[in-house]
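Structural overview
The primary structure of each chain is shown beneath.
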Amino acid sequence: GPYRNGLLRSLWRNLTGLHRALTSTPSNTFGMNWNADCKPGLIVSTYFRSCSVHGYTATIICEYTHTHSPMPYPQMCPPPLCSVTPSQKYSQRGGRGEVVSTFGAVQGTRWAGRKGQTNGVQLELLEGSEDSLINNYKYMFQRLRDVRNVLTEKIEELGEELRTNFNIEEFSPVSLPAQDSVIVLGQVCCDSNGKLNSQSVLLEAGPDQGGRQVPVDLSELRDYSLFPGQVVVMEGMNTSGRKFVASKLFEGVPLPFYSTPIKQEMDMDIPDVPEQFLVMVACGPYTPSDGLTFDPLVDLINVIARDRPDVCILLGPFVDSKHEQIEVPFHSLFDCFFFLCVIVEGTKGVGCRLVFVPSQRDVHHHFIYPQPPFILPDLSKDDAKRMTLVPDPCTLLIDGVTFGLTSTDILFHMGAEEISCASGSDRFSRILKHMLTQRNYYPLYPPVEEVNMDYEKFQGYGQMPLSPDVLIVPSELRFFIKDVIGCVCVNPGRLTKGQVGGTYGRLLIQRSAPSIDGKRVSPCVAGQVVKI
């Protein structure tokens, strides 16, 4: 409302003053002294400032000791009311810059961006601003009937795709007794509040197939992978009407990949050999768990300055609600604005596009999924031009290559619920394949408690419009880069893991023209996960 907007405007004015004080030349207001070669010298200084906004008061404390840092960007002012003591475990970490996971032809690869040699990359939301989640919305009012309607539509839509793909005449009701083998459609669910297991699987049909729940006997299936919320087509028998004995599980069908319309290709004048571009991906937290110092963020900014990627995708949490020292919401709101300003200011002159993806763990932002993008008012034209604020989840189009992004830990959530038998692939590949064949960014139902799902918005903004060329799925689980049914899936890890440093990812992308035989070639030439 007007009060909140006024609060944000007043807060932003205070932030703007602080930001200018930090970046002016010279300035020692906050204990920072800029040298002519852009290398800061930090002097002992303590400064207290109280900002009063609509009855709230924030005290900013900055204290430094003298040092001459070799880094091209300053040691940033820490957040208010937090320890400025550097994390010893983080500063003493080993393996800095070590490559821990690779993909593609990495031998002799030059990990550097275009360095401004061209006009830069074209970056936009795939479905455009009109059909994307770009504004905040009202939530916390959701009727069970509306949720049921969304789930029913999902069953019907995926069922129709599977029916067409496998040339199935029609689906039989799951609870109808039949002495012959029948094919049924439904959604997997559990017969209790516990976790799914091979003895507790139910198949819930949509209204067109009777809308009933029937227990499923999986003993005759040699190979399966199931999770709650999965829309499946099964073949089997239900002689009594009380239990369906499955004998075959039909494979899911992913959406097609993106292809540029011929007219658009002519207008873009794409060269025969498109130029490669570098995409860097990092996921929060950006501070170690034993303090709120910005050391990991500064190290990341230095990596960006060194490699000069064309696009840098930064996923939340930026101000982590799971951090021990995050307690006061107002301070966290202040910290976030300051945090993002630090990133924007620290990457000036590098020439890369910045993409910010929020997280439900961001204490200052809306706790809802799908999650609207951040709002940063009063940005300069130059900063606004190189920043893209996107929702979680979203699909980006970067120079003709599609990127699926989500900061929600779907790998961890689905990994705890999925059951499988004699599957040849690893667990990560199975989960990622489920995401692509279920055609949305969060196919698990019901969601875990920490995901506050709005199903009406999820129906409009949580679906995959196509199979992305690259899928970014950060997780607490082990980092990886792998190809899953043609999509390059990346878990870059988190920039910090507890009190020590974590990892980030980098991808070398080259838009590929269709081959003569019509086979698709992945645009991801090479990829690495690197320790910070």
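A brief report on the enclosed structure follows. (Residues numbered from 1 in each chain as written. Predicted model: local features only at pLDDT ≥ 70, side-chain atom pairs only at ≥ 80, totals over all residues. Heavy atoms only, no water.)

1. Observations regarding unusual backbone geometry
Applied cut-off: Numbering of helices and strands runs from the N terminus; a helix is a DSSP stretch of H or I covering at least four residues, while a strand is a stretch of E covering at least two. A 1.4 Å probe rolled over the protein chains alone gives each residue an accessible area, and that area as a share of the maximum for its type sets the label: buried under 20%, exposed over 50%, partly exposed in between.
A cis geometry characterises the amide bond from G284 onward to P285, with omega recorded as 10 degrees. Structurally, the position occupied by P285 is in the loop between β14 (277–283) and α5 (295–307). Cis geometry is adopted by the peptide bond preceding P446, which originates at Y445 and carries an omega value of -5 degrees. With respect to the helices, strands and loops of the structure, P446 is situated in the loop between α9 (427–438) and α10 (455–461). The backbone phi angle of N167 is positive, close to 55 degrees, even though this residue is not glycine. Within the secondary structure layout, N167 lies in the loop between α3 (144–165) and β8 (178–190). Note on N167: relative accessible area 68%, which makes it exposed. Positive phi values are uncommon outside glycine, yet R439 reaches one of about 65 degrees. For R439, a relative accessible area of 12% gives the class buried.

2. A short note on the nonpolar core
Going by this rule: The nonpolar core is taken to be a set of buried Ala, Val, Leu, Ile, Met, Phe, Trp, Tyr and Cys residues, with the residues joined through side-chain atoms within 4.5 Å. The contact definition used throughout considers only heavy atoms, calling two residues in contact when any of these lie within 4.5 Å.
Formed by 32 residues in total, the largest nonpolar core has its most connected members in Y286, L300, L314, F318, I343 and F356. Counting residues per element, the ones that place at least two in this core are β14, α5, β15 (311–315), α6 (329–346) and β16 (353–357). Apart from residues lying up to four places away in sequence, Y286 is in contact with T293, P296, L297, L300, L314, L315, P317, F318, F339, L495 and T496. One finds V311, C394, F479 and L507 within the second-largest nonpolar core, a separate group that totals 30 residues.

3. With respect to the side chain of T395
To be explicit about the condition: Polar contact is the term for a pair of N or O atoms within 3.5 Å; when the atoms are in protein, one must be able to donate a hydrogen and the other to accept it, and sequence-neighboring residues count only if both atoms are side-chain atoms.
Examined against the element boundaries, T395 turns out to sit in strand β18 (residues 394–398). Given a relative accessible area of 9%, T395 falls into the buried group. Reaching out from T395, the side chain makes a polar contact with the side chain of Y441 at a distance of 2.6 Å. If sequence neighbours within four positions are ignored, T395 has contacts with E124, L125, L126, T402, F403, G404, Y441, P465 and L466.

4. Some words on a negative patch on the surface
Our working definition: Patches here: salt-bridge-free residues with over 30% relative accessible area, like charges joined within 9 Å, nonpolar side chains (Val, Leu, Ile, Met, Phe, Trp, Tyr) joined within 5 Å. Areas reported here follow the Shrake-Rupley algorithm with a probe of radius 1.4 Å; residue values treat only the protein chains shown as occluding. We define a salt bridge as a contact between a side-chain nitrogen of Lys or Arg and a carboxyl oxygen of Asp or Glu at a distance within 4 Å. Counted as positive: Lys and Arg. Counted as negative: Asp and Glu, with His and the chain ends omitted from the count. For this purpose, a charge sits on NZ of Lys, CZ of Arg, CG of Asp or CD of Glu.
Judged by side-chain charge, E153, E156, E157 and D208 come together as a negatively charged surface patch. Note that E153 resides in helix α3. The class for E153 is partly exposed, based on a relative accessible area of 35%.

5. A closer look at the sheet that holds strand β9 (residues 201–204)
Filter applied, for reference: When DSSP finds two or more bridges between a pair of strands, those strands are recorded as paired. Helix axes are fitted only over the stretch in contact, all axes being lines through C-alpha atoms; the angle between N-to-C directions runs from 0 to 180 degrees.
Taken together, five strands build a closed barrel; the order of strands is β8-β9-β10-β13-β12 and the barrel is mixed. The mean inter-strand angle of the sheet, taken between neighbouring strand axes irrespective of direction, is 55 degrees. The pairing of β8 with strand β12 (residues 231–238) spans seven bridges and is antiparallel. Looking at β12, one finds that G186 is bridged to V232.

6. So, the environment of P468
Examined against the element boundaries, P468 turns out to sit in the loop between α10 and β21 (470–472). In this structure the C-alpha to C-alpha distance between P468 and T395, which are 73 residues apart in sequence, comes to 7.5 Å. Apart from the residues lying within four places of it in its own chain, the contact partners of P468 are F257, T402, F403, G404, L436 and C487.

7. Remarks on the side chain of T406
Structurally, the position occupied by T406 is in the loop between β19 (401–405) and α8 (410–415). Residue classification places T406 among the buried positions, given a relative accessible area of 0%. One polar contact links T406 to D392, side chain to side chain, over a distance of 2.9 Å. In contact with T406, other than residues within four places in its own chain, are L315, Y369, D392, P393, Y441, I472, V473 and P474.

8. Examining the packing of aromatic side chains
Filter applied, for reference: Stacked, tilted and edge-to-face pairs are distinguished by plane angle, under 30 degrees for stacked and over 60 for edge-to-face with tilted covering the rest, among Phe, Tyr and Trp rings (Trp via its six-membered ring) whose centres lie within 6.5 Å. Over a ring means this: the NZ of a Lys or the CZ of an Arg is within 6 Å of the ring centre and within 35 degrees of the ring normal.
All told, the structure shown has 10 aromatic pairs when counted by the stated rule. Ring geometry for Y137 and Y139: centres 6.0 Å apart, planes at 70 degrees, overall edge-to-face. The partly exposed category is assigned to Y139, whose relative accessible area is 24%. By the ring-pair criterion, three or more aromatic residues cluster together here, those being Y369, Y442, Y445, Y455 and F458. Cation over ring: R93 sits above Y90, and NZ or CZ is 3.9 Å from the ring centre. Over the aromatic face of F480 sits the side chain of K482, whose NZ or CZ is 5.4 Å from the ring centroid.

9. Examining α9
Note the following rule: Multiplying 1.5 Å by the residue count of a helix minus one yields the expected span of that helix.
The end-to-end C-alpha separation of α9 is 16 Å, in line with the 16 Å expected for 12 residues at 1.5 Å each. Within α9, 10 of the 12 residues are buried, which leaves it mostly tucked inside the rest of the structure. Taken as a whole, α9 has its buried residues at F428, S429, R430, I431, L432, H434, M435, L436, T437 and Q438. Of the residues flanking the end of α9, it is R439, one or two places downstream, whose phi is positive at about 65 degrees.

10. With respect to the state of the cysteines
The condition that has to hold: Put simply, a disulfide is two cysteine sulfurs that come within 2.5 Å.
For the coordinates displayed, the defined rule picks out zero disulfides. The cysteine C190 is free of any disulfide, with C189 supplying the nearest cysteine sulfur at 7.9 Å. Of the cysteine sulfurs around C524, a residue in no disulfide, the closest is that of C487, at 9.8 Å. Classification of C524 as buried rests on a relative accessible area of 5%.

11. Observations concerning the pattern of salt bridges
Oppositely charged side chains can pair when the atoms bearing their charge come close. Per the counting criterion, the structure on display carries 18 salt bridges. The residue K433 makes a salt bridge to E251 at a minimum N-O spacing of 3.0 Å. Separated by 182 residues along the polypeptide, K433 in helix α9 and E251 in the loop between β13 (244–249) and α4 (262–268) bring together distant segments of the chain. Exposure remark for K433: the relative accessible area of 30% places this residue in the partly exposed category. One salt bridge in this structure joins E476 and R494, with 3.0 Å as the shortest N-O distance. Residue E476 is located in the loop between β21 and β22 (480–484), and its partner R494 is located in the loop between β23 (487–491) and β24 (496–497); the two are separated by 18 residues in the primary sequence. Taken together, the shared-partner salt bridges in this structure form one network comprising D320, R361, E476, R494 and K497.

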